[in-house]
Amino acid sequence: MSNFWRIVNRVLYESDILLIVLDARLIDETRNVELEQKISKLKKKQLLVINKSDLVSIHYLRGVKRSNFELSNSVFLSCRKHMGTAILREKIFEIAKDLPTALVKIGVLGYPNTGKSSVINAMCGRKAASVSPESGHTRSLKLIKMTSHIYFFDTPGVIPFLEKDEVKHALIASKNPAELKNPLMVVDELFRLAEVYIEKFYKIKFDKKDDVEAKLTKLAVKFGKLKKGGIPDIETMSLIVIRDWQTGKISLI
Ligand SMILES: Nc1nc2c(ncn2[C@@H]2O[C@H](COP(=O)(O)OP(=O)(O)OP(=O)(O)O)[C@@H](O)[C@H]2O)c(=O)[nH]1
Ligand SMILES: [Mg+2]
């Protein structure tokens, strides 16, 4: 069995409630339908938490709930801006009070770097779980106390075993820039997804005819990322753009 299902199965088995943490900028991409179906089959309570909501507009979030029935019961959260925390806490208490157990364990699952540890800290009101911009930071299961009868499982981020999509994993910040085989492909996709926001963030304007290399060349020149002989260093520039996206400096607002 893959490591993915070993971790997930243990958390699924031991938890009464499952929180699935998604990234507001790429909600569909950070969902794991197989996992959601497995939780439903086990008849465990689950809640989708759309974190990093500070990186998208309110208008976009409203549209998400209207257009996707499956997300109608989800909770929008921003751990960074402390938005939605009271609503999520209330939902947790509401579900917990109907459970037959005195001690409630909540498993927090999701792709690496979606903010699982941050969600636990937001719920507990203290820095109980360790957080980092580097993906893969939480390395083992940890049980963290919220109240005398509610505990969280902080879990390492899990990528489905057979999923080998480097571009997707970079965009959802589950793969660190330094580990990427083809950062230019990632930036190319990022331009497709968020070109106007990239232009806004770097205060630059690209031409319609510019391909990814031309855009990165313009950025490298603007920010002085040059190799010997003054050649624009588009590799280094591509990693900077990916990092700025992953850390939320480039938002969709
Ligand atoms: N903009 C923004 N960033 C956030 C938010 N929540 C968490 N982050 C950032 O996302 C990064 C990852 O957060 P973690 O809580 O460590 O994420 P994780 O899912 O536990 O990551 P792994 O343990 O590596 O799987 C950190 O740099 C956080 O500061 C949020 O609501 N908004
Ligand atoms: Mg973590």
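Cut-off values and rules
- Starting from 1, residues in each chain are numbered consecutively following that chain's sequence as written.
- Chains carry letters and ligands carry numbers; both start at the beginning, A for chains and 1 for ligands, and go up in the order they are written.
- Confidence filtering applies because this is a predicted model: local features only for residues at pLDDT of at least 70, side-chain atom pairs given and counted only at 80 or more, and all residues used for totals across whole chains, interfaces and linings.
- Just so you know, side-chain values use all the structure's heavy atoms and leave hydrogens and water out.
- An automatic or database domain assignment supplies the residue ranges for each domain.
- For this analysis, residues touch if any pair of their heavy atoms sits within 4.5 Å.
- Buried area: the accessible area, evaluated with a 1.4 Å probe, that two parts lose upon being put together, summed over both parts.
- Throughout this description, the term salt bridge denotes a Lys or Arg side-chain nitrogen within 4 Å of a carboxyl oxygen of Asp or Glu.
- Whenever two N or O atoms come within 3.5 Å, that pair is a polar contact, provided that in protein one can donate a hydrogen and the other can accept it, and provided that, for residues adjacent in sequence, both atoms are side-chain atoms.
- Note that Gly is not counted as nonpolar here; it falls among the polar residues with everything else outside the nonpolar set of Ala, Val, Leu, Ile, Met, Phe, Trp, Tyr, Cys and Pro and the charged set of Asp, Glu, Lys and Arg.
- Here a donor is an N, O or S atom found within 2.8 Å of the metal, or within 3.2 Å if the metal is Na, K or Ca; sites may look incomplete because water is not among the atoms.
- Counting from the N terminus, the helices are DSSP H or I runs at least four residues long and the strands are E runs at least two residues long.
- Buried residues are those whose accessible area, probed at 1.4 Å on protein chains only, stays under 20% of the maximum for their type, while exposed residues exceed 50% and partly exposed ones sit between those limits.

### Here's the deal with the domain arrangement of the chain
Its domain assignment divides the chain into domain 1 (3-154) and domain 2 (176-246). Between domain 1 and domain 2, the C-alpha centre-to-centre distance is 32 Å. With six residues of domain 1 at the interface, the matching set in domain 2 holds five residues. Of all residues in domain 1, the largest losses of buried area upon contact with domain 2 belong to Arg25, Leu26 and Glu134, amounting jointly to 70% of the total for that side. With its nearest N and O atoms 3.1 Å apart, the salt bridge here joins Glu134 to Arg243. In this assembly, domain 1 and domain 2 are joined by four residue pairs in polar contact (both at pLDDT 80 or more). Here the side of domain 1 that touches domain 2 is composed, by residue class, of two nonpolar, one polar and three charged.

### Structural notes on the coordination of the magnesium ion (ligand 2)
Looking at the magnesium ion (ligand 2), the protein donor atoms are Ser117 (OG) and Thr138 (OG1), and they sit 2.0 to 2.2 Å from it. Remark: Thr138 occurs in the loop between helix H6 (116-124) and strand E5 (142-147) and Ser117 occurs in helix H6; sequence separation between them is 21 residues. Across the pair, Thr138 and Ser117 agree in class, each one buried.

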